[in-house]
Amino acid sequence: MSRVTRTDEARTAPLALRSWLMKGVPEDRNYLGPHPSPQQTEKTHRWWQVMCLTGVDYFSTLGYQPGIAALAAGLISPIATVVLVALTLLGALPVYRRVASESPNGEGSIAMLERLMSFWKGKIFVLVLLGFAATDFIITMTLSAADATAHLVENPRLEPFLAGHEVVITLVLLALLSGVFLRGFTEAIGVAVALVALYLGLNVVVIADGIAQVLAQPVLWTDWRVALTQQHGNPLVVVGIALLVFPKLALGLSGFETGVAVMPHIHSGPNDTPAHPVGRIRGAKRLLTTAAVIMSIFLITSSMVTTLLIPPAEFQPGGSANGRALAYLAHEYLGSTFGSIYDASTIAILWFAGASAMAGLLNLIPRYLPRYGMAPQWARAVRPLVLILTAGAFTITIIFRASVDAQGGAYATGVLVLITSAAVAVTLAARHARQRGLMIAFGLIAVIFIYTTIDNIVERPEGVKIASVFIAAILLVSLASRFARSFELRVTEVTFDKTAQLFLRDVARRSIQLVANEPDSRDRAEYSDKLRQVSHDNDLTDPNDVIFVEVTLTDPSEFASRLDVRGEVQHSRYRVLTFSSSTVPNALAALLLAVRDQTERLPHIYFEWSEGNPAANLVRFLFFGVGEVAPVTREIIRRAEPDRERRPHVHVG
């Protein structure tokens, strides 16, 4: 009978914890494939269910958007809101419907811009956009939790007990949000559906009652029109002011980027393929359109009833409607019991508004940083990322003392930069597709969003400062991770064509001797001179029984690549294996291990020493995929194969 000791339990615990954290990510394979695609462990959902997950952020802005509009525009608030809705339906919505078609696998508009640039400038540009995305999404989490805390603390019954503990309460709310995602996306979507249904249902009641109050008192409408005319006179002036204050209302545009980021969670159609997921794209477009239409109706009607029914003084700081205009109407016209229920639903959806941001980051990060080699393998798993993002949200909350106002600028900056980049991306996509009409239309939308972004940055520059911290952190961590992982194999697969296989079968009966050659003119003299030099430096017994190996360098900023090895006979005499890769030493190391596994013989490879400063050569390797090839190749083999007796031989002369 076996007995489990405490030592056995201690050994098992870390393994169980690792298994729980890494759920959904296959264990690393030996040698090849450092970047296997993550398995789909979470089931997909109907588009309207995923809409609720992204909508907890979008729809929750009803809690404060009417108040923001009233403060920014006063009596013109309903007209300014109509401008916001027009830009939503005629600008942001068409842009993101195009993004859904062009980038259906969750990469968002960033992937569209990534395709336009290569080399390191493309990677750096993507990292900067990811910095703005992180600003938007993480600040969404912290700001929404802080706003929920403010609603809790401002409750007359709870204020004596909770006042002064805003930071602790916000941290608890963020921890609860993290706990939902540690269980899985399915649980998060279930909570989102319930909260959105409750919150929108209560808002229908509040706004419908507000409309009834306005219809029962026609003088309210008359007084508003008269006051509007007296203050501004010319209708064109009213429209002009509405356009000028529009950037202050831009928070009402949040939610579109997360809508395309979570597309992989939407049910695919029966005929969908990874390259053309038509059903998923159709579901995403329904998600975006339905959310935009619902929110547009709520924004216009809520702005109208709050402007007509709430005294202007109550919108000011310290007023009863400041930041909670619809809650004011709920208490004022529907009683304290209904008002308390409405408050509870507002607090709940504000708490969970960060769920859409968490979902967006959990989809975006694994699709970029691991592929760039700028994150460890565990970054593909959901649970470690949830813990890292929660720690970041904790830090932001503590730094800003759970202040909603202090974080508002960064939130607006992140939202507007992402929407602007999406508008630019679809404009360029339409230009590439030779769709002149669409290119002009999307270009005009991009100009409007550029203006809005610049206006927001000028008025609230602290948003860019906070975003710069996120960008700097992502750049530093990503580049450090890339350098730390540079000595991995970085090859997903090695294949040999028939000629290459014939070469290997022939030499495997004797000794597999490979000669690394940097291709130049590839004339007879190049191969003859190389062979003579290698034979002289290494005392080869039969210099004619060798195979040259040539690597064509592709984009060195790419981290992993596939090796398709082709065999050629040059000048009717010299056998050559050729292939392309983003880095030379890693590709050669992967080739040697693949040759060993295929022939069951240890191959030998012969190099000549590189000229130049070793430190400069190391930098060349890190950034440009070349440098001191021989020792780096040997080091990569050493790390990939722990058994010294099974390592291919590396010779340098």
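What counts, and where the lines are drawn
Residues numbered from 1 in each chain as written. Predicted model: local features only at pLDDT ≥ 70, side-chain atom pairs only at ≥ 80, totals over all residues. Heavy atoms only, no water. Core = buried A, V, L, I, M, F, W, Y, C linked by side-chain atoms within 4.5 Å. Buried < 20%, exposed > 50% of the residue type's maximum accessible area, 1.4 Å probe, protein only. Helix = DSSP H or I, 4+ residues; strand = E, 2+ residues; numbered from the N terminus. Contact = heavy atoms within 4.5 Å. 1 Å grid on protein atoms, 1.4 Å probe; cavity = no way out; pocket = protein on both sides within 12 Å on 5 of 7 lines; lining within 4 Å. Points joined across faces, edges and corners; volume = space filled by probe spheres on them. Nonpolar A, V, L, I, M, F, W, Y, C, P; charged D, E, K, R; others polar. Phe/Tyr/Trp six-rings, centres within 6.5 Å; stacked < 30°, edge-to-face > 60°. Expected span 1.5 Å × (residues − 1). Pairing = 2+ DSSP bridges. Axes fitted to C-alpha atoms, helices over the stretch in contact; angles between N-to-C directions. Patch = residues over 30% accessible without salt bridge, like charges linked within 9 Å, V, L, I, M, F, W, Y side chains within 5 Å. Areas by Shrake-Rupley, 256 points an atom, 1.4 Å probe, with all protein chains shown as cover. Salt bridge = Lys/Arg side-chain N within 4 Å of Asp/Glu carboxyl O. pLDDT = per-residue confidence, 0-100. Parallel < 35°, antiparallel > 145°, perpendicular 65-115°, else oblique. Left-handed = near helix turned anticlockwise from the far one by under 90°.

*Asks:* Can you tell me about the nonpolar core, naming the residues and giving the values?
*Replies:* If you look at the biggest cluster of nonpolar residues, it comprises 135 residues, and the most contacted ones within it are Val95, Tyr96, Phe181, Tyr342 and Phe352. At 16 residues, the largest contribution of residues to this core is made by helix H6 (residues 119–153). Discounting chain neighbours no more than four positions away, the residues touching Tyr342 are Tyr199, Leu202, Asn203, Val206, Leu326, Ala327 and Ala330. In terms of nonpolar packing, the next biggest core, distinct from the first, is built from 39 residues, Ala500, Leu563, Leu593 and Leu622 among them.

*Asks:* Please give an account of empty space enclosed by the protein that cites residues and values.
*Replies:* In total, this model carries three cavities of 30 Å³ or more according to the counting rule given. By volume, the second largest cavity amounts to about 60 Å³. If you go around the second largest cavity, the residues you meet are Met51, Thr54, Gly55, Tyr58, Gly255, Phe256, Gly259, Leu287, Leu288 and Ala291. Among the secondary structure elements, those contributing two or more residues to the lining of the second largest cavity are helix H2 (47–60), helix H12 (256–261) and helix H13 (278–309). It is H2 that provides the largest number of residues to the lining of the second largest cavity, a total of four residues. Taken together, the residues of the lining of the second largest cavity break down into six nonpolar, four polar and no charged.

*Asks:* Describe the packing of aromatic side chains, listing the residues and the values that go with them.
*Replies:* Counting across every chain of the model gives 14 aromatic pairs. Taking the centre distance of 5.6 Å and the plane angle of 40° together, the rings of Phe487 and Phe621 count as tilted. With Phe487 in the loop between helix H19 (462–484) and strand E1 (491–496) and Phe621 in helix H23 (residues 614–624), this residue pair connects regions lying 134 residues apart in the sequence. For the pair formed by Phe487 and Phe621, the shared burial category is buried. Geometrically, the ring pair formed by Phe548 and Tyr574 is edge-to-face, given 6.0 Å between the ring centres and 75° between the ring planes. Remark: Tyr574 occurs in strand E5 (residues 574–581) and Phe548 occurs in strand E3 (residues 547–553); sequence separation between them is 26 residues.

*Asks:* Tell me what's going on with helix H8 (residues 166–183), and back it up with residues and numbers.
*Replies:* In this model H8 runs 26 Å from its N-terminal to its C-terminal C-alpha over 18 residues, within 8% of the 26 Å that 1.5 Å per residue would give. For H8, the full list of buried residues reads Val167, Ile169, Thr170, Leu171, Leu173, Leu174, Leu177, Ser178, Val180, Phe181 and Leu182.

*Asks:* Break down the sheet that holds E5 for me, with residues and values.
*Replies:* Spatially, the seven strands line up as an open sheet ordered E1-E4-E5-E3-E2-E6-E7, and their pairing is mixed. Looking at strand neighbours, the two that pair on one side only are E1 and strand E7 (649–652), the edges of this open sheet. Across the sheet, the mean angle from the axis of one strand to that of its neighbour is 25°, orientation sign disregarded. Two strands pair when backbone bridges link them, and strand E2 (residues 513–516) and strand E6 (residues 604–607) are joined in this way by three bridges, in the parallel orientation. Paired with Gln513 across the bridge in E6 is His604.

*Asks:* Mind laying out a nonpolar patch on the surface, listing which residues take part and the relevant values?
*Replies:* On the surface, a nonpolar cluster with roughly 360 Å² of combined accessible area is contributed by Leu89, Leu90, Val293 and Ile297. Elements that contribute at least two residues to the nonpolar patch include exactly helix H4 (77–102) and H13. In this fold, Leu90 is placed in helix H4.

*Asks:* Which residues make up the pattern of salt bridges, and what are the values?
*Replies:* Applying the stated criterion to the full structure yields 20 salt bridges. Across the salt bridge formed by Arg646 and Glu641, the nearest N and O atoms sit 3.7 Å from each other. Arg646 gets classed as partly exposed once you look at its relative accessible area, which sits at 37%. Salt bridges sharing partners connect three or more residues here, namely Asp506, Arg509, Arg510, Asp545 and Arg575.

*Asks:* Please set out the pairing of E5 residue by residue, giving values where relevant.
*Replies:* Burial runs high along E5: seven of the eight residues are buried. The sheet contact formed by E3 and E5 spans six bridges and is parallel. Note on E5: the bridge partner recorded for Val551 is Phe579. Turn length for the strand E4 (residues 561–570)-E5 hairpin, with the two strands adjacent in sequence and antiparallel, is three residues, and the turn residue His571 shows positive phi of about 55°.

*Asks:* Give me the lowdown on the confidence of the model for the chain, citing residues and values where you can.
*Replies:* Averaged over all residues, the pLDDT of the chain is 82; the fraction at 70 or higher stands at 88%. Within the chain, the element-level pLDDT minimum falls on helix H1 (residues 6–21), averaging 56, and the maximum on H13, averaging 91. The low-confidence segment residues 28–41, where pLDDT is below 50, has 39 contacts with residues more than four positions distant or belonging to other chains.

*Asks:* Provide a residue-level description of the packing of helix H20 (residues 498–508) against helix H22 (residues 584–599), including the pertinent values.
*Replies:* Taken N-terminus to C-terminus, the directions of H20 and H22 make an angle of 65°; their axes are 11 Å apart at the nearest point. Relative to H22, the element H20 is oriented roughly perpendicular. Between H20 and H22 the crossing geometry is right-handed. Along the contact surface, H20 presents Gln501, Leu504 and Ala508, while H22 presents Val595, Gln598 and Thr599. Looking at the contact of H20 with H22 residue by residue, the classes come out as three nonpolar, three polar and no charged.

*Asks:* Can you tell me about the side chain of Ser178, naming the residues and giving the values?
*Replies:* Tracing the backbone through its elements, the reader meets Ser178 in helix H8. Apart from residues no more than four positions distant in its own chain, Ser178 is found in contact with Val386 and Thr390.

*Asks:* Can you lay out the side chain of Asn617 for me, pointing to particular residues and giving the numbers?
*Replies:* Secondary-structure assignment places Asn617 in helix H23. According to the relative accessible area criterion, Asn617 is buried, its value standing at 3%. Ignoring any residue separated from it by four or fewer positions in sequence, one finds Asn617 in contact with Ser610, Glu611, Gly612, Val626, Gly627 and Glu628.

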